[in-house]
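Report on the structure
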Amino acid sequence: MAKYWVRYVMPVMVEMDDDTDEVTRVVTLPEEIREDRDDRGHFLVYDEGFVRRNDDAQPYIHAQQVARPEWPGRLRGGPPQNWPPTLEWEESFDLTEADDRYGERNPYGRKYDHDQTPHPDDDLVW
């Protein structure tokens with residue numbers, strides 16, 4: 001049985017207390033989940049080994065269709081009904097289970113070896 005990953009984006013609201021400079025509350029907005037795309041507009045779909053795959057090919061189109069969030073009725077409220085309950089969602093993700101292959105293809109972050117020069121827009125601390 002093959003398994004695939006389809007990447008989504010979910011906004012997170014963070015409340016700040018200006019007097020204490022502390023984060024006082026974090027609220028996820030699952031009703032605003034949307035498919036994530038790279039800088040060329042392609043959906044981000046990965047195989048079970050976290051290798052990025054073409055979003056126009058089967059079975060990756062099928063994976064996108066199955067993963068697409070659904071809500072009952074016309075109004076979105078709460079998490080998608082066709083996804084596992086939010087208590088089963090994982091808070092984070094151990095990228096070592098993918099041998100760092102996912103991180104190398106992450107369009108939102110660059111990965112550098114110590115002999116490479118970082119991009120000027122990156123604010124990296126070595």
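For the structure itself, look to the data block above.
Residues numbered from 1 in each chain as written. Predicted model: local features only at pLDDT ≥ 70, side-chain atom pairs only at ≥ 80, totals over all residues. Heavy atoms only, no water.

Concerning the pairing of strand E3 (residues 12-17)
Bridging between E3 and strand E4 (residues 22-28) involves 6 bridges; their strand directions are antiparallel. When the sheet's bridge partners are listed, Val14 is paired in E4 with Val26. In this antiparallel pair of consecutive strands, E3 and E4, the connection spans 4 residues, and Asp21 shows a positive phi of 55°. (Pairing = 2+ DSSP bridges. Helix = DSSP H or I, 4+ residues; strand = E, 2+ residues; numbered from the N terminus.)

Considerations on the nonpolar core
In this structure, Val6, Tyr8, Ile33, Ala63 and Ala67 together form the largest nonpolar core, which totals 5 residues. Leave out the neighbours within four places in its chain, and Ala67 touches Val6, Tyr8 and Trp83. (Core = buried A, V, L, I, M, F, W, Y, C linked by side-chain atoms within 4.5 Å. Buried < 20%, exposed > 50% of the residue type's maximum accessible area, 1.4 Å probe, protein only. Contact = heavy atoms within 4.5 Å.)

Some words on a negative patch on the surface
Taken together, the side chains of Asp18, Asp19, Asp21 and Glu22 define an acidic patch exposed on the protein surface. Inspection of the secondary structure assignment puts Asp19 in the loop between E3 and E4. (Patch = residues over 30% accessible without salt bridge, like charges linked within 9 Å, V, L, I, M, F, W, Y side chains within 5 Å. Areas by Shrake-Rupley, 256 points an atom, 1.4 Å probe, with all protein chains shown as cover. Salt bridge = Lys/Arg side-chain N within 4 Å of Asp/Glu carboxyl O. Lys, Arg positive; Asp, Glu negative; His and termini not counted. Charge placed at Lys NZ, Arg CZ, Asp CG, Glu CD.)

Let's talk about the packing of aromatic side chains
Where two aromatic rings form a pair, the distance of their centres and the angle of their planes describe that pair. Considering all chains together, one arrives at 4 aromatic pairs under this definition. On the basis of an interplanar angle of 85° and a centroid distance of 5.1 Å, the ring pair of Tyr4 and Tyr60 is categorised as edge-to-face. Of this pair, Tyr4 sits in the segment before strand E1 (5-6) while Tyr60 sits in helix H1 (residues 60-67), and the two are 56 residues apart along the sequence. Owing to a relative accessible area of 13%, Tyr60 belongs among the buried residues under this scheme. Between Tyr8 and Trp83, the ring centres sit 5.3 Å apart and the planes meet at 75°, which makes this aromatic pair edge-to-face. A residue pair is termed long-range when its members are at least 10 positions apart, and Tyr8 in strand E2 (residues 8-9) and Trp83 in the loop between H1 and helix H2 (101-104) qualify at 75 residues. Here the aromatic cluster, defined as three or more aromatic residues joined through ring pairs, consists of Tyr8, Trp83 and Trp89. (Phe/Tyr/Trp six-rings, centres within 6.5 Å; stacked < 30°, edge-to-face > 60°.)

A few points about a nonpolar patch on the surface
Side chains of Val12, Val14, Met16, Val23 and Val26 sit close together on the surface and give an oily, nonpolar patch of about 450 Å² of accessible area. Looking at the nonpolar patch, the elements with two or more residues in it are E3 and E4. Element by element, the count of residues in the nonpolar patch is highest for E3, at 3 residues. Along the polypeptide, Val12 turns up in strand E3. Its relative accessible area of 44% is what places Val12 among the partly exposed residues.

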